[in-house]
Amino acid sequence: MDMKTLKDKVIVITGASSGIGEAMAREYAAQGARVVLGARSVQKLQLVAGGIRTHGGQAAYCGVDVTKPEECRELIETAVREFGRIDVLVNNAGVTRDGLLVRMSDEDFSRVIDVNLKGAFHTARALTRAFMRQRGGRIVNMASVVGLMGNAGQANYAASKAGLIGLTKSLARELAPRGVTVNAIAPGFVETDMTAVLSESVVEGYEKRRRVLRHRRGHPRRRRHGDVVMLRRDSPFVTSKN
């Protein structure tokens, strides 16, 4: 893979303080991108951004709760203020609140939908006018195989990721005439801080699918490079894929 494909791109990543988001930020910065990190923990963002800068990369950060539209707008404004434009938005922020349906509270269901689905909506909406004006841009939504196949004990998470795939397809159709591509990536089980707290029964659901599909467990730093392909300058016609 050409390590210069992301050079000078400005990439905004939510959920960038750990896990997949952090790994993306470090990888993209190493390839020459200028990254803008968003997450709730400013302290963790400072550490990630500091590490990127130590290795010669360019990084800015902004504390953001993606359930709050005004904070999503602030994240976008920070990126434009720091680097002058935005080329890519990666909607990676996500949470789990697992439980069997009969025990799942309204709060647990709503929280997962608010972060995983509405959060992506808030950030995409905050950025879309700028993309439309510049007649180009990339939006990459981090979905999940659970959004395609379901998993016992994860009704809220599966619904949020299935909804995110639907949102991706709709935005891809809506924004394609303006030169904006919208894609979703649906990884399987990836070992992160978020998945470390999953119950044994939920993990077993992933494991059954992994054995059927002959997939290995994933790790943020061992991701295949589908996300990079979605961001490349030579992929302007790849849209609404998952």
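Residues numbered from 1 in each chain as written. Predicted model: local features only at pLDDT ≥ 70, side-chain atom pairs only at ≥ 80, totals over all residues. Heavy atoms only, no water.

**Here's the deal with the overall build of the protein chain**
Worth spelling out the cut-off: Secondary structure elements are defined from DSSP: runs of H or I of at least 4 residues count as helices, runs of E of at least 2 residues count as strands, and each element is numbered from the N terminus. Each residue is placed in one exposure class: buried if its accessible area under a 1.4 Å probe, protein chains only, is under 20% of its type's maximum, exposed if it is over 50%, and partly exposed if it falls in between. Note on contacts: a residue pair qualifies if any of its non-hydrogen atoms lie within 4.5 Å across the two residues. In this description, accessible areas are obtained by the Shrake-Rupley approach with a 1.4 Å probe, and a residue is regarded as covered only by the protein chains that are shown.
A count of helical and extended segments in the protein chain gives eight helices and six strands. Going from the N terminus to the C terminus, the protein chain shows its helices and strands as β-α-β-α-β-α-β-α-β-α-α-β-α-α. A burial count over the protein chain gives 50% of its 242 residues as buried. A sequence separation of at least 24 residues applies to 72% of the contacts in the protein chain between residues at least 6 apart. Of the roughly 12000 Å² of accessible surface on the protein chain, 50% is carried by carbon and sulfur atoms.

**Here we look at the sheet that holds strand 4 (residues 88-91)**
Strand pairing within a sheet occurs via backbone hydrogen bonds; the two strands may be parallel or antiparallel. Note the following rule: Only when DSSP finds a minimum of two bridges between them are two strands counted as paired. For every element, the axis is a line fit to its C-alpha atoms; helices are fit only across the contacting stretch, and the angle between N-to-C directions ranges from 0 to 180 degrees.
Pairing is parallel in the open sheet, where six strands are placed in the order 3-2-1-4-5-6. Edge strands, defined here as strands with exactly one partner in the open sheet, are strand 3 (58-63) and strand 6 (180-185). Sheet twist, expressed as the mean angle between neighbouring strand axes with direction ignored, is 15°. Direction of pairing for strand 5 (residues 137-142) relative to strand 6: parallel, over a ladder of six bridges. In the strand pairing of strand 6, I139 is matched with V182. The strands touched by helix 2 (residues 42-54) within the sheet are strand 2 (34-39) and strand 3, with strand 3 carrying the most contacts at an inclination of about 175°. Helix 3 (residues 69-83) rests against strand 1 (10-14), strand 2 and strand 3 of the sheet, and its axis sits at about 155° to strand 3.

**A closer look at the pattern of salt bridges**
Charged atoms that come close allow side chains of opposite charge to pair. The following threshold applies: Each reported salt bridge corresponds to a side-chain nitrogen of Lys or Arg within 4 Å of a carboxyl oxygen of Asp or Glu.
Under the counting rule described, the total for this entry stands at three salt bridges. The salt bridge partner of D87 is R85, with a shortest N-O separation of 3.1 Å. Take R85: its relative accessible area is 32%, and that puts it in the partly exposed class. Across the pair K118 and D114 runs a salt bridge whose closest N-O atoms are separated by 3.9 Å. Residue K118 and its partner D114 are located together in helix 4 (residues 106-134), separated by four residues, close to a single helical turn. Owing to a relative accessible area of 40%, K118 belongs among the partly exposed residues under this scheme.

**Considering helix 6 (residues 155-175)**
Keep this limit in mind: Between the first and last residue of a helix there are one fewer steps than residues, each counted as 1.5 Å, and that sum is the expected span.
Given a rise of 1.5 Å per residue, 21 residues ought to cover 30 Å, and the 30 Å separating the end C-alpha atoms of helix 6 matches this to within 8%. Considered for burial, the residues of helix 6 that qualify are N156, Y157, A158, S160, K161, L164, I165, L167, T168, L171, A172 and L175.

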